[in-house]
Structure formats: C-alpha cells, structure tokens
Amino acid sequence: MAPRKPKVIVTRKLPDAVETRMRELFDTELNLDDAPMTRAALLDAVGRCDVLSPTITDQIDAELIAAAVAGGRLKLIANFGAGVDHIDVAAASEAGILVTNTPGVLTEDTADLTLALMMAVSRRIVEGANLAQAGDFKGWTPTWMMGRRITGKRLGIIGMGRIGQAVARRARAFGMSIHYHNRKPVSPRIAEELEATYWESLDQMLARMDIISVNCPHTPATYHLLSGRRLKLLQPHAILVNTARGEIIDESALAEGLAKGEIGGAGLDVFEFEPAINPKLLKLPNAVLLPHLGSATVEGRIDMGEKVIINIKTWMDGHRPPDRVLTAML
C-alpha cells in the first residue's frame, strides 16, 4: 500500500508549474482564485491539514497555532517567502510545529530591484516617464529634470546579509563606495571583496551617506529602526531605498521629511501598513513607489515554490527540512 500523502493547504495562487508538482507529490488543496484567505478560512485550514503553505499576506499568530494544536494535525508551516515576521515562530516551536522559509532564491531579484530604485529616484525616471507619456515633453533644455549621478556616491547598507551583499556587489560596479551597519561585521574576506566600511553606530553612518538601502529583516528590534529622529540625520540630498519590510521605517515621518525637502528622495517597494500606502507619499514627486515587486520574477517565484516543495518532501520523508526557521535565528 502506498504511504498516505500529507494534506497540504496552499493559501495563495502559486505558479502553475509549482502547483502541478505539489498536486503530484501531496494531497494538495489550492487557492485558484488567489483571494487572501479570511481569518475563518485560516482557522479552518490549520485544523484539517498536515502542512500549511502560507505567504506574507497571512497572519499565522498564536491563536492560529493554538487552533492547529487543538486540531492535532498540523506539523509543518512551509512558508512561501523568506520573511517570517507574519508567523509566530516561537508559538509554533513550543507547539512542536516546524516552520520553514525560502531563503536565497530571491536574493538576486531583490538586489536588482534595489539598484533599479536607486537609479529611478536619483535620475527622476518615473517622474520623467510620466511627463513624457502625458505629452508634456516640450524639448530638451540644459537645466530641466536634472537628477544626480550615483557614481562616486556613498552607499550605506542596513543589514549585510545575502541581499545586502548582493546590493553591494552591484553598487560597486556603478562606482559607489560601500558602507554598512550590521549586528556584527562581515568576515574579513567579504569586507575586503566589497571594500566595505563597517559602522557600529547606525546614527553616524546615516549622517554621512548619499544613499541608504534597507536590507535587514523585520523583527521587534528593527521595528521603526529608521525612526523620525534617525530620518532627521540624513543629508538633504540623501536617497532612502527600502526593499525589505515597511515596518522598519516610520512611514509618516518619512513622508514629512520628503515633503519638507529634508530628505532628497525615496524608493519604496514595501510599506508600513501594506497594502495601504500613506496618502502623503502618493502625492510626492520625489518618491518612487512599487507594489512589493522584490521577488516578482518568473524565475524567482518558481524557485521559491521549489524550495517549499523540497522542505515539505524532506519532512515527509522523515528528515529535517533544509530551510527550517528557528527562534534563535530571528
């Protein structure tokens, strides 16, 4: 007799190739219309599946974990995404439920987008494109729509993990000087490769940089890491780019600083109260806003799905999933 396939519930629509493979390997319940699951639907799901595969749009909190424990079935939360701030990992661990994520596969895509936002803000690309498409281009003039070059500028990276290092490598190709703030310095080999300067004090780094890139995870320690006070440390021409998590920046204070000209510009792919965006940001010409596109490539999303499948299959075979998330890692 063939072994029983684990019941897997997927909370959002995934790439067809990923869903097909999941149906082949597991007893998979898909979300074909891609509507975010309601709270009631999530509570029902955790009570009747062995594996839940959620995304960033699902809040897997202590109440949901308790419902899963009451159901007595859920053993694995195989997250589709690298960030796990929407999952109460501690509660899951205490309940004996494993949590996995999909690290690494979105590094290059997110780094690409980070550089794209730097260019878009510094060269006023979106503003210029909107003018041209509206028919407002009256011809070239020497002083119209001037931006700033990024070559020779100082880039301050907050969070020098996989994505931070990938951003640094790209920035060096543009002739930028690399600086970073991290919980601890990177290895001497990496620092030498990137010619990177470590700043133990985030405040001191912020005050000296031309461009700031936020690449750290969202944790209780990084909530509003860039507070209103810290944002005031930025130079008036500085550009702030965030492709990590919106909660890391005080969005209201950022909008105020941009409107007053205290901050030169911002490129944001994530927002504090996503999907809601601060209305003040929507009206600012020096803010480039994207709808959370960091990992939005065909290749990236398929790679993420394959990681989810590997984690589930490894667990199903009685082994430790390769991308298990531990509370100590957060």
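## Brief notes about the overall build of the protein chain
Thinking step 1. Helix and strand content of the protein chain: 13 helices and 12 strands.
Thinking step 2. Compactness check: the protein chain gives a C-alpha radius of gyration of 22 Å against a globular reference of 20 Å for 330 residues, within 12% of the reference.
Thinking step 3. Principal axes of the C-alpha set define a box for the protein chain whose edges measure 75 × 50 × 30 Å.
Thinking step 4. Long-range contacts, defined here as pairs at least 24 residues apart, represent 61% of the contacts in the protein chain between residues at least 6 apart.
Thinking step 5. When the accessible surface of the protein chain is totalled, it reaches about 16,100 Å², and 55% of it is carbon and sulfur.

## Structural notes on the sheet that holds strand 7 (residues 177-181)
Strand pairing within a sheet occurs via backbone hydrogen bonds; the two strands may be parallel or antiparallel.
Thinking step 1. Within the open sheet, the 7 strands sit side by side as 8-7-6-9-10-11-12. Their pairing is parallel. Unpaired on one side and paired on the other, strand 8 (197-198) and strand 12 (287-289) mark the two borders of the sheet.
Thinking step 2. Taken together, the 5 bridges between strand 6 (residues 154-158) and strand 7 define a ladder with parallel strand orientation. Among the inter-strand pairings, Arg154 is bridged to a residue of strand 7, identified as Ser177.
Thinking step 3. Contacts from helix 11 (residues 251-259) reach strand 10 (239-242), strand 11 (265-268) and strand 12 within the one sheet, and its direction differs from that of strand 11 by about 140°.

## Quick notes on the side chain of Asp58
Thinking step 1. Looking at the element boundaries, Asp58 is found in the loop between strand 3 (51-53) and helix 3 (62-71).
Thinking step 2. Of note is the side chain of Asp58, whose polar atom sits 2.6 Å from the side chain of Thr11.
Thinking step 3. One polar contact links the side chain of Asp58 to the main-chain amide nitrogen of Thr55, over a distance of 2.9 Å.
Thinking step 4. Not counting the four nearest positions on each side in its chain, Asp58 is found in contact with Thr11, Met37, Leu42 and His86.

Reading guide: rules and limits
- Counting restarts for each chain: residues are numbered from 1 in the order of the written sequence.
- Reporting in this predicted model follows two pLDDT cut-offs: at least 70 for local features of residues, and 80 or more for side-chain atom pairs to be given and counted; totals over whole chains, interfaces and linings ignore these cut-offs and use all residues.
- The side-chain quantities take in all heavy atoms of the structure and omit both hydrogens and water.
- Going along the chain from the N terminus, every DSSP run of H or I of four or more residues is numbered as a helix, and every run of E of two or more is numbered as a strand.
- Note on method: radius of gyration uses C-alpha positions; expected globular size equals 2.2 Å times residues raised to 0.38.
- By the convention used here, residues are in contact when the closest approach between their heavy atoms is within 4.5 Å.
- Method for areas: the Shrake-Rupley scheme with a 1.4 Å probe, in which residue coverage is limited to the protein chains shown.
- Here the rule is simple: two strands pair whenever DSSP picks up at least two bridges between them.
- Convention adopted: a line fitted to C-alpha atoms gives each axis, helices being fitted over their contacting stretch, and angles between N-to-C directions are expressed from 0 to 180 degrees.
- Side-chain atoms alone can form a polar contact between residues adjacent in sequence; in general such a contact is a pair of N or O atoms within 3.5 Å, and within protein one must be able to donate a hydrogen while the other accepts it.

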